[in-house]
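Descriptive analysis of the structure
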Amino acid sequence: MHLNNFLIFFLVATFLGCSENKIYHKKDFVFGTMIDIKIYGESDINADKVSGEIFNEFHRLHRLLHPWEKSPITNINDAISKKKPIVINNNEVITILTDAKYLEAKTQSLFNPSIGKLIKLWGFHSNEYVQEGIPNKDTIRNLVSSNPSMKSIKIKKKVLRSNNQDVQIDLGGYAKGYALDQAKKILTKNNVKNALINIGGNILAFGKHGEREWIVGIQNPRKPNAIATVSLKPGWAIGTSGDYQRFIIINDQRYSHLINPKTGYPESKTQSATILIPPSRNSGVLSDVFSKPLFIASSRNKIKIAKLLNIEDFLIVMDDDSIFISKSLNNKINWEKELDKKNITIF
Amino acid sequence: MIKKILQSSRLIKPGDWFIIFLFCLLIVISAKVLWDLPQGQYLEIHKNNEILATYSLNQKTKKQIHGPKGVTEVIINSGKVRFSSSPCPKKYCIHQGWIQKANQTIVCIPNQISIYIVGGKRAYDTINY
């Protein structure tokens, strides 16, 4: 009896301790991944309303940009494969495609949103993966040599054309970042000051966690815990490309969904690439898009690409567990105590 | 009234004070030990966006959770926990193996079930899973 009383007191004290911070927390599954929204310092009713609005927007974008379930994007892909022009009546889709084309050029096609055929070939255009082994070598080579690129896409007066039938748009490396930027608009419109939005590893720190900054854990690609944590200043975004959430294992070899557009094969020398993006109108998109070139580029080109894209903060985990980190990010990061720091190289 | 209190305080002998002191010390020490346990004490099972259940980790048991794809099974084994069977196609959640520290988490996206070890101080607000 006395022990029970003590336990009840202990539990009550624990929960009272937790309720001190005014955090509203909501999760949902959109874009085939988990979305985590935290709002600080708002009434539950208001936070509920705003997060509901954000989730509705995410579901709308999911339907708008879906790469294989019928959507404006699959309509465009159907037209391209039949070499037919198509009228796009949705200005948002035109803006997104134009931006994606610009970013492909900027990343020297290491971010290439037109390789839908390759992604499908590797079995990532499905909610249920059916293990069929490694795709045919010649099919991969043919798809790569046909050189699918957003460059082939011309949009004039709402009419889209491409002279490359192998172009299939897949905005998988863009949509989540774009959704972050849309969430930012909704938070601003509703006058919410502090929130943390996490869309499958693309994270936006909006404002702060009260007196302190939002703290984000950087996932260890091979273990279910963080290798490090980092405080995000208001408005900063963080994006990770990793081989640990979407991958297939064929003959004990891991194949990630991050396919190198230049080779047609999943990049296998990298476990994850994380970047921090300073506040800007499209920081969400940049956090999503710019992590891809860093993941895909060969190990000696990674640093070059980071310089080219003006990415000051990056952390890359290679397949042998060695870590490349930029000097700037190294100054901001807190390593996990148990991490072997021998393997860290600072650039 | 005051007389009575004075009388009763005279009833407490030096030895009693020692016992009282010993018990106070016991309370302080046990509180410290209990609060500072390095391992998370509770397992939270989330289904989609709701907390489905909270369990103690100090037990040996199996829990079945019904998700949109079917039944996922979680094993709790004296302080650690893992996914043991899942209807998801790629079984990433099972490959993650055991977790045992506070803040560790495994998410099974297809069946929309996630497990969290909670307790202790959270080191971060979110993680780039």
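The shown structure was predicted, so the numbers you read here are calculated from the model rather than taken from an experiment. (Residues numbered from 1 in each chain as written. Chains lettered and ligands numbered in written order. Predicted model: local features only at pLDDT ≥ 70, side-chain atom pairs only at ≥ 80, totals over all residues.)

Notes on the overall build of chain A
Definition in use: What counts as a helix is a DSSP run of H or I of at least four residues, what counts as a strand is a run of E of at least two, and both are numbered from the N terminus. As defined in this context, the radius of gyration uses C-alpha atoms, and a globule is described by 2.2 Å times the residue total to the power 0.38.
A count of helices and strands for chain A gives 11 helices and 17 strands. Relative to the 2.2 N^0.38 estimate, which gives 20 Å for 347 residues, the radius of gyration of chain A is 22 Å and therefore close to what a compact globule would have. With the C-alpha coordinates aligned to their principal axes, the bounding extent of chain A is approximately 75 × 50 × 40 Å.

Quick notes on the domain arrangement of chain B
This is how it is decided: Residue ranges for the domains trace back to a domain assignment, done automatically or taken from a database.
Here the domain parsing of chain B yields domain 1 (2–35) and domain 2 (42–118). Taking the mean C-alpha position of each, domain 1 of chain B and domain 2 of chain B sit 45 Å from one another.

Details of helix H4 (residues 91–106) of chain A
Along an α-helix, residues three or four apart share an orientation, since each turn contains 3.6 residues. Residue and element names in this part refer to chain A. What counts is decided by this rule: Expected helix span is given by 1.5 Å per residue-to-residue step, counting one fewer step than there are residues. Partly exposed residues are those falling between the two cut-offs: more than 12 but fewer than 20 other C-beta atoms within 10 Å of their own, whereas 20 or more means buried and 12 or fewer means exposed, with C-beta atoms placed from the backbone. It is the directions from the helix axis to the C-beta atoms that the arc portrays. Any pair of residues counts as being in contact when their C-beta atoms, constructed from backbone geometry, are within 7 Å of one another.
End to end, H4 covers 23 Å across 16 residues, agreeing with the expected 22 Å (1.5 Å per residue, within 8%). Listing the buried residues of H4 in full gives Val93, Ile96, Leu97, Ala100, Leu103 and Glu104. Buried residues of H4, viewed axially, fall in a sector of 125°; they line one side. Set apart from the buried face of H4 by more than 90 degrees, the exposed residues are Asn91, Thr95, Tyr102 and Ala105. Packing partners of the buried residues in H4 comprise helix H2 (44–65), helix H3 (72–81), strand E4 (153–156), helix H7 (175–189) and helix H8 (283–289).

Some words on the sheet that holds strand E16 (residues 333–335) of chain A
Note the following rule: A pair of strands is labelled paired if DSSP reports no fewer than 2 bridges between them.
Taken in spatial order, the four strands of this open sheet run E16(A)-E9(A)-E8(A)-E8(B), and their pairing is mixed. Of all the strands in the sheet, just E16 of chain A together with strand E8 (126–127) of chain B have a single pairing partner and so form its edges. For strand E8 (residues 214–219) of chain A and strand E9 (residues 226–232) of chain A, the ladder comprises six bridges, and the chain directions are antiparallel. Bridging from a neighbouring strand, isoleucine 218 of chain A pairs with alanine 228 of chain A of E9 of chain A.

Notes on the sheet that holds E4 of chain A
Two strands in a sheet stick together by hydrogen bonds in their backbones, pointing the same way (parallel) or opposite ways (antiparallel). All names here are of chain A. If you walk across this open sheet you meet the three strands as E3-E5-E4, and the pairing is antiparallel. Pairing within the sheet leaves two strands with one partner each, and these edge strands are strand E3 (86–87) and E4. In this sheet, strand E5 (residues 159–162) lies alongside E3 in antiparallel orientation, the contact comprising two bridges. Of the residues in E5, the one forming a bridge with valine 87 is valine 159.

Looking at the interface of chain A and chain B
Just so we agree on the cut-off: Residues are grouped as follows: nonpolar covers Ala, Val, Leu, Ile, Met, Phe, Trp, Tyr, Cys and Pro; charged covers Asp, Glu, Lys and Arg; every other residue, Gly included, is treated as polar.
If you look at the interface, chain A gives 30 residues, while chain B gives 21 residues. The set of elements that each furnish at least two residues to the side of chain A that touches chain B consists of strand E1 (23–30), strand E2 (33–40), strand E6 (194–199), E8, E9 and strand E10 (237–242) of chain A. The greatest single-element share of the side of chain A that touches chain B, amounting to six residues, is contributed by E8 of chain A. For the side of chain A that touches chain B, the per-class residue count stands at 12 nonpolar, 12 polar and six charged.

Digging into the environment of isoleucine 277 of chain A
Residues and elements named next belong to chain A. Considering the arrangement of structural elements, one finds isoleucine 277 in strand E13 (residues 270–277). On the basis of neighbour counts, which here come to 27 C-beta atoms within 10 Å, the residue isoleucine 277 falls in the buried class. Isoleucine 277 sits 45 residues away from leucine 232 along the chain, and the two C-alpha atoms are 9.8 Å apart. Excluding anything up to four places from it in sequence, isoleucine 277 contacts Trp236, Ala237, Gly239, Ser283, Leu286 and Ser287.

Description of the environment of asparagine 136 of chain A
Checked against the element boundaries, asparagine 136 of chain A lands in the loop between helix H5 (116–121) and helix H6 (137–145). Remark: the alpha-carbon pair of asparagine 136 of chain A and tryptophan 122 of chain A, spanning 14 residues in sequence, is separated by 9.8 Å.

Examining unusual backbone geometry
A positive phi angle, close to 60°, is found at asparagine 310 of chain A, a residue other than glycine. Asparagine 310 of chain A sits in the exposed class, given 10 other C-beta atoms within 10 Å. The phi torsion at glutamine 112 of chain B lies on the positive side, around 55°, for a residue other than glycine. The residue glutamine 112 of chain B is located in the loop between strand E6 (105–108) and strand E7 (113–118) in this model. Look at glutamine 112 of chain B and you get buried, because 21 C-beta atoms sit within 10 Å.

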